[in-house]
Amino acid sequence: TSLTIVQILQPLFAILAIWVGSDILVKNSLELGKKLGISELLVGLTFVAWGTSLPEFFVMLNSIFFLDESAATLSYGTILGSNIANISLVLGIGLVASNQTFSSDGRDILLRSLIIIGATLCLVIFPGVDSSYKQVVSIVMIASMFLYITVSLRGRKGSPINKSGVRIVQNVSWILASAILIYVGSAGIVGSGGDIMNHFGWGATAVGTVFFALSTSFPEIATSLISIVKFQKTNVVVGNVIGSNISNIFLFGIISAVYNLNLTSSIGSLGGLLILAEILLLGIFILYRKKDQIQIPAFIGILLISIYLIFLVTIS
């Protein structure tokens, strides 16, 4: 049977809701961070990264509530695919869009990258871990988020707090409104995924790692482009991309600790590709580090985007 007009338009409106919600989120997060005297790195790691990870979180929850036996595979695939998209596609687009040397905070970069790689290893080995140890792996994934933030903020200071009578409540209200928009869009994405599985006969792994993951990565793409083009904040972009990856693993750790996720299909070499992407990113950070700054030329973005193309070929 052919897809109805509603089924075709639903994912478009869902993606639009996620995009608009992300635009509102990054604008008000940057404003709120400035008013509270929070550094751009912390803004990227917290408000922006957690906010842009909401789609993955909501997609995981909605999948578990509404898609029954496919839920665990869809949830896992969404996080895996989204993290690959963040490293390769989102950061790659950000580098190309900057059209110049891309700067970011390089302090403690080796330790921060090792924490990310360790958390990613936990994510990748999770399906094969004995059920009696899954809870332990989940707790390690949760703990990695707090460890990463602690290391990232060590010795860093933000701007002085702005007490010029700005309305902080207004920013918080807009951030909450953006979360609602992102949730509505995420719920629409899950509904669309169910239709695609039924209509095209795609498996849960393909729908999760490509359709769900790419759709839920739109906030990261949006916030990266907005941060670079509108605000010239490349530091926020790296904080957002890396922060979103660790946030995704953190959120998966919470859900896997609460729910008994039974992964029914293999992810093949995709876990290995994600680990390789993390190691490549560490190599790029080390290669282009100058003192306390990482200065990456824009052409590296093309290399990262090509990794995502390899991922698409692998999953097809």
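Residues numbered from 1 in each chain as written. Predicted model: local features only at pLDDT ≥ 70, side-chain atom pairs only at ≥ 80, totals over all residues. Heavy atoms only, no water.

Chemist: Hey, could you go over the overall build of the chain for me, with residue numbers and the actual values?
Modeler: Within the chain one finds 11 helices and three strands. Along the chain direction, N to C, the helices and strands of the chain fall in the order α-α-α-β-α-α-α-α-α-α-α-β-β-α. When burial is assessed residue by residue, the chain has 55% of its 316 residues classed as buried. Put simply, of all contacts in the chain between residues at least 6 apart along the chain, 84% involve residues at least 24 apart. A total of about 13600 Å² of accessible surface is found on the chain, and carbon and sulfur atoms cover 68% of it. (Helix = DSSP H or I, 4+ residues; strand = E, 2+ residues; numbered from the N terminus. Buried < 20%, exposed > 50% of the residue type's maximum accessible area, 1.4 Å probe, protein only. Contact = heavy atoms within 4.5 Å. Areas by Shrake-Rupley, 256 points an atom, 1.4 Å probe, with all protein chains shown as cover.)

Chemist: Outline the environment of phenylalanine 299, supporting the account with residue identities and numerical values.
Modeler: By secondary structure assignment, the location of phenylalanine 299 is in the loop between strand 3 (293–296) and helix 11 (300–315). Residues phenylalanine 299 and glycine 92, spaced 207 residues apart in sequence, show a C-alpha to C-alpha distance of 8.8 Å.

Chemist: Account for the packing of aromatic side chains, with residues named and values stated.
Modeler: Tallied over the full model, the rule gives two aromatic pairs. Ring centres of phenylalanine 146 and phenylalanine 250 lie 5.7 Å apart, and the angle between their planes is 90 degrees; on these two criteria the pair is classed as edge-to-face. Taken together, the positions of phenylalanine 146 in helix 5 (residues 131–152) and phenylalanine 250 in helix 9 (residues 234–258) put the pair 104 residues apart, joining distant regions of the chain. Here phenylalanine 250 falls in the buried class, since its relative accessible area comes to 16%. The side chain of lysine 134 reaches across the aromatic face of phenylalanine 126, ending 4.3 Å from its centre. (Phe/Tyr/Trp six-rings, centres within 6.5 Å; stacked < 30°, edge-to-face > 60°. Lys NZ or Arg CZ within 6 Å of the ring centre and 35° of its normal.)

Chemist: Can you tell me about the side chain of serine 144, naming the residues and giving the values?
Modeler: Within the secondary structure, serine 144 is located in helix 5. For serine 144, the residues in contact, after removing those within four places along its chain, are Ile115, Ala119 and Ile246.

Chemist: Lay out the packing of helix 4 (residues 109–125) against helix 5 in plain terms, naming residues and giving numbers.
Modeler: One can describe the packing of helix 4 onto helix 5 by two numbers: an axis separation of 9 Å at closest approach and a directional angle of 165 degrees. Compared by their axis directions, helix 4 and helix 5 come out roughly antiparallel. Once helix 4 is placed against helix 5, the crossing between them reads as left-handed. Contacts between helix 4 and helix 5 involve Leu111, Arg112, Ile115, Ile116, Ala119, Cys122 and Leu123 on the former and, on the latter, Val137, Val140, Met141, Ser144, Leu147, Tyr148, Val151 and Ser152. Within the contact of helix 4 with helix 5, the residues separate by chemical class into 12 nonpolar, two polar and one charged. (Axes fitted to C-alpha atoms, helices over the stretch in contact; angles between N-to-C directions. Parallel < 35°, antiparallel > 145°, perpendicular 65-115°, else oblique. Left-handed = near helix turned anticlockwise from the far one by under 90°. Nonpolar A, V, L, I, M, F, W, Y, C, P; charged D, E, K, R; others polar.)

Chemist: Hey, could you go over helix 10 (residues 270–287) for me, with residue numbers and the actual values?
Modeler: With 18 residues, helix 10 extends 25 Å between its outermost C-alpha atoms, agreeing within 8% with the 26 Å of an ideal straight helix rising 1.5 Å per residue. Residues of helix 10 that are buried include every one of Leu270, Gly271, Leu273, Leu274, Ile275, Ala277, Glu278, Leu281, Leu282, Ile284 and Phe285, and no others. (Expected span 1.5 Å × (residues − 1).)

Chemist: Which residues make up the nonpolar core, and what values do they have?
Modeler: Note that soluble globular proteins tend to have their nonpolar side chains buried in a common cluster. Judged by nonpolar contacts, the single largest core of 50 residues is most densely connected at Leu123, Met141, Phe252, Ile296 and Leu304. If you tally residues by element for this core, the top one is helix 3 (residues 71–98), at 10 residues. Those residues within four positions of leucine 123 in sequence are excluded, and the remaining contacts are Tyr76, Ile79, Asn83, Met141, Ile249, Phe252 and Leu274. (Core = buried A, V, L, I, M, F, W, Y, C linked by side-chain atoms within 4.5 Å.)

Chemist: Requested: an account of the side chain of serine 247, with residues and values cited.
Modeler: With respect to the helices and strands, serine 247 occurs in helix 9. The class for serine 247 is buried, based on a relative accessible area of 1%. With residues up to four places along the chain from it excluded, the contact list for serine 247 reads Ala49, Trp50, Ser53 and Met145.

Chemist: Break down helix 5 for me, citing the residues and quoting the values.
Modeler: Over its 22 residues, helix 5 extends 33 Å from the first C-alpha to the last, a length consistent with the 32 Å expected when each residue adds 1.5 Å. Buried residues of helix 5: Lys134, Val137, Ser138, Met141, Ser144, Met145, Tyr148, Ile149, Val151 and Ser152, and no others.

Chemist: An account of the packing of helix 4 against helix 10 is requested, with residue identities and associated values reported.
Modeler: A packed helix pair is summarised by two numbers, namely the angle formed by the two axes and the spacing between the axes. With their axes 10 Å apart at the nearest point, helix 4 and helix 10 run at an angle of 180 degrees to one another. Between helix 4 and helix 10, the angle is such that the two are roughly antiparallel. Residues Ile109, Leu110, Ser113, Ile116, Ile117, Thr120, Leu121, Leu123 and Val124 of helix 4 pack against Gly271, Leu274, Ile275, Glu278, Ile279, Leu282, Phe285 and Ile286 of helix 10. Residue classes in the contact of helix 4 with helix 10 are distributed as 13 nonpolar, three polar and one charged.

Chemist: Give a detailed account of the confidence of the model for the chain, specifying residues and quantitative values.
Modeler: Looking at the chain as a whole, the pLDDT averages 75, with 66% of positions reaching at least 70. At the level of individual helices and strands, the chain shows its lowest average pLDDT in strand 1 (residues 102–105), which scores 60, and its highest in helix 5, which scores 87. (pLDDT = per-residue confidence, 0-100.)

Chemist: Provide a residue-level description of the pairing of strand 3, including the pertinent values.
Modeler: Of the two faces of strand 3, the one lined by Ile294 and Ile296 is fully buried and the one lined by Gln293 and Gln295 carries no buried residue. Pairing geometry for strand 2 (residues 289–290) and strand 3, over two bridges, is antiparallel. Along strand 3, the bridge assignment pairs arginine 289 with isoleucine 294. Remark: two residues form the turn of the hairpin made by strand 2 and strand 3, two consecutive strands paired antiparallel; lysine 291 in that turn has positive phi of roughly 55 degrees. (Pairing = 2+ DSSP bridges.)

Chemist: Lay out the environment of isoleucine 8 with the relevant residues and their values.
Modeler: Structurally, isoleucine 8 can be placed in helix 1 (residues 5–36). Separated by 184 residues in sequence, isoleucine 8 and serine 192 have C-alpha atoms that sit 8.2 Å apart.

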